[in-house]
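# Structural features, examined
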Amino acid sequence: MKTLKNKAKTQFLALSENESFARIFTAGFVRNLGVTPSLLADIKTVVSEAVTNAIVHGYRGRDAESSLVFLELKYYSDKTLIITVTDRGCGIPDIEEAMQPFFTTDAEGERSGMGLPIMDAFSDSLRLTSSPKGTRVTMKKKLL
Ligand SMILES: Nc1ncnc2c1ncn2[C@@H]1O[C@H](COP(=O)(O)OP(=O)(O)OP(=O)(O)O)[C@@H](O)[C@H]1O
Ligand SMILES: [Mg+2]
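Residues numbered from 1 in each chain as written. Chains lettered and ligands numbered in written order. Predicted model: local features only at pLDDT ≥ 70, side-chain atom pairs only at ≥ 80, totals over all residues. Heavy atoms only, no water.

### Looking at unusual backbone geometry
Even without being a glycine, Lys79 presents a positive backbone phi close to 65 degrees. With respect to the helices and strands, the residue Lys79 is situated in the loop between strand S2 (68-76) and strand S3 (80-87). Backbone geometry at Phe102 places phi at a positive 75 degrees, although glycine is not the residue there. Looking at where Phe102 falls in the secondary structure, it is placed in the loop between helix H3 (95-99) and helix H4 (115-122). In this structure Phe102 comes out as exposed when scored by relative accessible area, which is 63%. (Helix = DSSP H or I, 4+ residues; strand = E, 2+ residues; numbered from the N terminus. Buried < 20%, exposed > 50% of the residue type's maximum accessible area, 1.4 Å probe, protein only.)

Right, here's the structure in full:
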């Protein structure tokens, strides 16, 4: 049976500068878990894609002062890392559509619609739940 070995949780305002905070927080958490540089890069990438989505899509057009992003990291005895990013933003109306490569609702043409497909490809499993009250993405990564 797997047991929880470590857990860390943080929350921060939906400001683009907090994307680097989330990456550094995550890097600090996995620091002593013996991950290879390439695994660490994958982990930081998925965290940053999920956090960016919460900031730019979830809280689009909302006041950053009341917009919180939640990041939780859990490490288990079977060497799996569970990453959960939650927002209380607008939600995703059609999850299946959002998961499609190149699907984006970005009107400015700055985004490629590859964040969710990248998170899916770079993690061992991805679960996306959403409602008009917010979105949660949970990713599992084996640190082996
Ligand atoms: N947390 C979220 N809240 C609301 N909508 C979201 C959220 N995450 C994703 N979406 C929706 O899903 C779409 C696809 O997300 P995805 O990350 O794949 O692409 P993108 O963010 O548009 O572009 P990229 O990640 O390549 O910059 C987004 O355009 C947005 O409409
Ligand atoms: Mg994205």
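There is more to say after this.
### Details of the packing of aromatic side chains
Tallied over the full model, the rule gives 2 aromatic pairs. Between the aromatic rings of Phe12 and Phe21, the centroid separation amounts to 5.7 Å while the plane-to-plane angle is 75 degrees, which identifies the pairing as edge-to-face. The class of Phe21 is partly exposed, set by a relative accessible area of 35%. Taking 6.0 Å as the distance between ring centres and 35 degrees as the angle between the ring planes, the aromatic pair formed by Phe21 and Phe25 counts as tilted. (Phe/Tyr/Trp six-rings, centres within 6.5 Å; stacked < 30°, edge-to-face > 60°.)

### Here we look at the pairing of strand S4 (residues 125-131)
Pairing analysis gives 7 bridges linking S4 to strand S5 (residues 134-142), with the strands arranged antiparallel. Bridging across to S5, Leu126 finds its partner in Met139. Adjacent in sequence and paired antiparallel, S4 and S5 are bridged by 2 residues. (Pairing = 2+ DSSP bridges.)

### Re the site of ligand 1
For ligand 1, the set of nearby residues contains 21 residues, the closest of which are Asn53, His57, Thr104, Thr105 and Ser112. Measuring from a nitrogen atom of ligand 1, one finds a backbone N or O atom of Gly58 at 3.4 Å. Between an oxygen atom of ligand 1 and a side-chain N or O atom of Arg111, the distance comes to 3.2 Å. Notes on ligand 1: free accessible area 600 Å², of which the protein chains cover 93%. Of all the secondary structure elements, the ones that give two or more residues to the shell around ligand 1 are helix H2 (37-58) and H4. When the residues that make up the shell around ligand 1 are grouped by side-chain class, the tally is 8 nonpolar, 10 polar and 3 charged. (Near = heavy atom within 4 Å. Polar contact = N/O pair within 3.5 Å; in protein donor to acceptor, adjacent residues only side chain to side chain. Areas by Shrake-Rupley, 256 points an atom, 1.4 Å probe, with all protein chains shown as cover. Nonpolar A, V, L, I, M, F, W, Y, C, P; charged D, E, K, R; others polar.)

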